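# A closer look at the structure
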Amino acid sequence: MSNENMAELLFPHVRQLPADIYSLYPPRNLPSSALVTRFAPSPTGSLNIGGLYATLISERLAHQSNGVFFLRIEDTDKKREIKGSIENIINSLLYFGIHFDEGPLLSGDDKGDYGPYKQGSRIQIYKVFIKHLVRNGLAYPCFCDTDDLQKIRLSQQNIKVTTGYYGRWAKHRDISFQQAKEEILNGKPFVIRLKSSGSSDRRITYHDLVKGPIELPENDQDIVIMKTDGLPTYHFAHAIDDYLMGTTHVIRGDEWLSSVPIHIQLFETLGFRVPEYGHIAPIMKQVGTSKRKFSKRKDLDGTAEYYKEQGYPGIAINEYFMNLINSNFEEWRMINPRKSFRDFFIYTNKMNASGALLDMSKLGDISKDVISRLTGIQVFDHLYTWSKKFDSELYTLIDKNKEYTVNILNIGRTIKKPRKDYSKWSDVKPMIAFFYDELFEKDILSGYKLPTNISFDVAKEIVLGFSKTYRFNNEKDAWFHEIKELAGKLGFAKEMKQYKANPNNYNGHVGDVAMVIRVALTNRTNTPDLFDIMKVMGEKRVLSRMQTFFGDSI
């Protein structure tokens with residue numbers, strides 16, 4: 001009876017029972033082989049790259065098994081919450097193509113029948129279960145303040161025993177109803193602690209989805225499950241939510257490995273089925289000859305936002321992560337170059353248990369492959385969306401030159417081995433800027449970048465000569481024939497082999513002549529195919545740029 005009185009004293013306004021809550025969260029109607037996984041971040045800043053990696057694993061495990069993947073926001077630590085974090089998390093998942101079946105939406109609504117999906121909206125649910133534990137003598141109020149806890153810690157350190165709130169050191173473990181009532185009447189703040197049945201002398205064993213069999217000491221600490229502000233701790237809230245939402249598998253960073261005994265104890269004390277846990281090592285960063293964990297404060301490239309700003313396609317990040325998840329993905333991709341990465345099944349027991357290195361060079365190569373498989377219009381759509389947020393100058397240009405830009409982006413995309421110029425959207429503008437008159441005119445203000453062996457006067461002769469014979473409708477062979485003929489007239493070798501045989505007899509070779517034309521039109525010495533460039537630029541623009549170069553009317 002005293003436990004019942006204690007429960008009513010602490011939670012007089014909580015009238016529901018666990019059974020009432022269970023009725024709101026019926027078991028999911030899924031096949032036994034279907035997995036239910038989740039991503040449960042705290043809104044304390046931008047989504048980090050490690051969180052994105054773990055999320056992809058969780059999403060793939062759920063969807064490849066025809067299960068459910070949901071997003072839950074763990075926002076019970078209001079002191080650490082940063083405004084805009086939830087929107088950042090949702091937008092990042094959308095950008096990287098990680099789609100959740102249930103969870104909070106940008107509109108503020110929830111999608112799914114197992115919400116609310118923000119823990120801050122579930123406080124009353126947690127109190128129902130905390131009251132239930134108190135009623136059954138499995139939890140109790142603790143009125144220790146900071147000084148009390150410090151005294152306990154110092155006493156433990158003096159006799160060299162494990163520090164913490166447990167066993168005989170748990171000052172309020174057996175507090176009576178009357179004592180608790182007096183403390184509350186005196187306005188003393190309290191937390192609720194779980195009355196641990198564990199012993200540090202005993203060990204638990206569990207099978208980790210990634211690391212395999214693991215043995216750890218039982219939890220003997222009377223952990224806090226509700227703070228003085230009435231909010232639950234992460235440990236308690238996640239146990240309630242994972243059970244009610246039907247979570248079957250939890251993928252998280254291995255910094256949580258030491259919490260497994262606490263979490264298993266919570267599930268068992270509450271009478272819940274324990275989900276399967278998989279702990280992944282952190283993604284590492286190469287620094288010089290060594291590697292280390294990403295730092296939230298030091299490493300901008302440790303956030304998902306960085307990769308969005310740089311313009312790495314979301315699918316490219318996913319493709320790269322798939323290589324880290326299971327090493328045989330790379331072989332599968334070579335055999336199945338056109339299939340979606342979602343057709344590849346991942347297995348947690350094939351994951352690398354040690355920290356995977358984020359290789360930016362490898363990421364760039366994979367991203368180039370991904371972009372090279374897109375059509376010009378697909379590249380345009382991605383570039384349009386990205387530049388709207390991250391490059392207003394580029395956005396303005398491509399918005400008013402849509403068809404022209406698609407044609408630019410299509411150069412080299414119709415062949416079996418497409419060009420792989422871009423690894424990210426921020427690479428595009430520097431490579432195609434010369435196509436746009438506004439940017440080209442700025443570029444040539446500092447002069448044309450001619451080959452060192454060609455004087456400007458000779459270059460003007462070449463461009464003037466070419467402009468007189470230029471015919472926009474010429475096929476490529478006829479176009480190149482005119483360049484050869486012009487080369488011969490101006491004392492350049494028509495064929496490279498001629499020049500190599502007697503270099504002193506010529507001013508240069510046909511390649512030099514083509515290079516001058518390239519520079520006149522683009523102010524670049526390295527571009528895609530010159531004929532293709534001219535076709536996309538169109539007759540009027542080509543003639544205008546040649547006229548600008550030699551400064552006379554055509």
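Residues numbered from 1 in each chain as written. Predicted model: local features only at pLDDT ≥ 70, side-chain atom pairs only at ≥ 80, totals over all residues. Heavy atoms only, no water.

## Let's talk about the overall build of the chain
Applied cut-off: In this text, helices come from DSSP runs of H or I with a minimum length of four residues, and strands from runs of E with a minimum of two, each type numbered from the N-terminal end. Restricting the calculation to C-alpha atoms gives the radius of gyration, and the globule rule supplies 2.2 Å times the number of residues raised to the power 0.38. Between buried and exposed lies partly exposed: a residue is buried under 20% and exposed over 50% of the maximum accessible area for its type, with that area taken using a 1.4 Å probe on protein chains only. The contact rule is simple, with two residues in contact once any of their heavy atoms fall within 4.5 Å. All accessibility values rest on the Shrake-Rupley procedure with a 1.4 Å probe; residue burial counts only the protein chains present in the view. Charged residues are defined here as Lys and Arg on the positive side and Asp and Glu on the negative side; His and the ends of the chain fall outside this count. Charged groups are reduced to one reference atom each: NZ for lysine, CZ for arginine, CG for aspartic acid, CD for glutamic acid.
From N to C terminus, the chain includes 24 helices and 15 strands. A compact globule built from 554 residues should have a C-alpha radius of gyration of about 24 Å, whereas the chain, at 33 Å, is more than 25% larger. Seen along its three principal axes, the alpha-carbon backbone of the chain occupies a region of about 110 × 50 × 40 Å. The burial tally for the chain puts 51% of its 554 residues in the buried class. Long-range pairs, those at least 24 residues apart, make up 72% of the contacts in the chain between residues at least 6 apart in sequence. Split by element, the accessible area of the chain, about 27300 Å² in all, is 50% carbon and sulfur. Measuring between centres, the 75 positive side-chain charges of the chain sit 2 Å from its 67 negative side-chain charges.

## Notes on the sheet that holds strand S9 (residues 224–226)
Applied cut-off: We call two strands paired when DSSP finds no fewer than two bridges between them. Here an axis means a line fitted to C-alpha atoms, over the contact stretch when the element is a helix, while the angle between two N-to-C directions is reported on a 0 to 180 degree scale.
One open sheet accounts for three strands, arranged S5-S6-S9; its pairing is antiparallel. The open sheet has two free edges, formed respectively by strand S5 (139–142) and S9, since each of these has just one partner strand. Averaged over all neighbouring strand pairs, the angle between strand axes comes to 45 degrees, with direction disregarded.

## Here we look at the pattern of salt bridges
Basically, it comes down to this: Salt bridges are defined as contacts in which a side-chain nitrogen from Lys or Arg sits within 4 Å of a carboxyl oxygen from Asp or Glu.
A full pass over the atoms with the stated rule returns 35 salt bridges. Between Asp-242 and Arg-72 there is a salt bridge; the shortest N-O distance is 2.9 Å. Note that Asp-242 is positioned in helix H8 (residues 234–244) and Arg-72 in the loop between strand S2 (68–71) and helix H4 (85–95), a separation of 170 residues in sequence. Judged by its relative accessible area of 1%, Asp-242 is buried. When the shortest N-O distance is used, the salt bridge between Arg-122 and Asp-241 registers 2.7 Å. A residue pair is termed long-range when its members are at least 10 positions apart, and Arg-122 in the loop between strand S4 (110–111) and helix H5 (123–135) and Asp-241 in helix H8 qualify at 119 residues. Among the residues examined, Asp-241 registers a relative accessible area of 0% and is labelled buried.

## Quick word on the nonpolar core
Formally: By nonpolar core is meant a set of buried Ala, Val, Leu, Ile, Met, Phe, Trp, Tyr and Cys residues that side-chain atoms within 4.5 Å join together.
Counting residues in each nonpolar core, the largest one holds 57 residues, and the members touching the most others are Phe-435 and Phe-466. If you tally residues by element for this core, the top one is helix H22 (residues 510–522), at seven residues. If we skip the residues at most four places from it in the chain, Phe-466 touches Trp-479, Ile-483, Leu-486, Ile-517, Met-534 and Met-546. Judged by nonpolar contacts, the second largest core, of 51 residues, contains Val-14, Tyr-25, Ala-139 and Ile-223.

## Section: the packing of helix H14 (residues 376–390) against helix H16 (residues 402–410)
The angle between the axes and the distance between the axes are what describe a pair of packed helices. We count it as follows: Should an angle fall under 35 degrees it is called roughly parallel, over 145 degrees roughly antiparallel, and 65 to 115 degrees roughly perpendicular, with every other angle called oblique. The hand of a helix crossing depends on one turn: near helix anticlockwise from the far one by less than a right angle means left-handed, and clockwise means right-handed. Polar here means any residue other than Ala, Val, Leu, Ile, Met, Phe, Trp, Tyr, Cys and Pro, which are nonpolar, and Asp, Glu, Lys and Arg, which are charged; Gly is therefore polar.
One can describe the packing of H14 onto H16 by two numbers: an axis separation of 8 Å at closest approach and a directional angle of 120 degrees. Overall, the two elements H14 and H16 adopt an arrangement that is oblique. Crossing of H14 over H16 shows right-handed handedness. Here Gly-376, Ile-377, Val-379, Phe-380, Leu-383 and Tyr-384 of H14 lie close against H16, whose contacting residues are Lys-402, Thr-405, Val-406, Leu-409 and Asn-410. For the contact of H14 with H16, the residue count by class is seven nonpolar, three polar and one charged.

## As for the packing of helix H20 (residues 476–489) against H22
Packing of H20 against H22 brings their axes to within 9 Å, and their N-to-C directions diverge by 110 degrees. For the element pair H20 / H22, the angle class is roughly perpendicular. Crossing of H20 against H22: the hand is right-handed. Here Phe-480, Ile-483, Lys-484, Leu-486 and Ala-487 of H20 lie close against H22, whose contacting residues are Val-510, Val-513, Ala-514 and Ile-517. When its residues are assigned to classes, the contact of H20 with H22 shows eight nonpolar, no polar and one charged.

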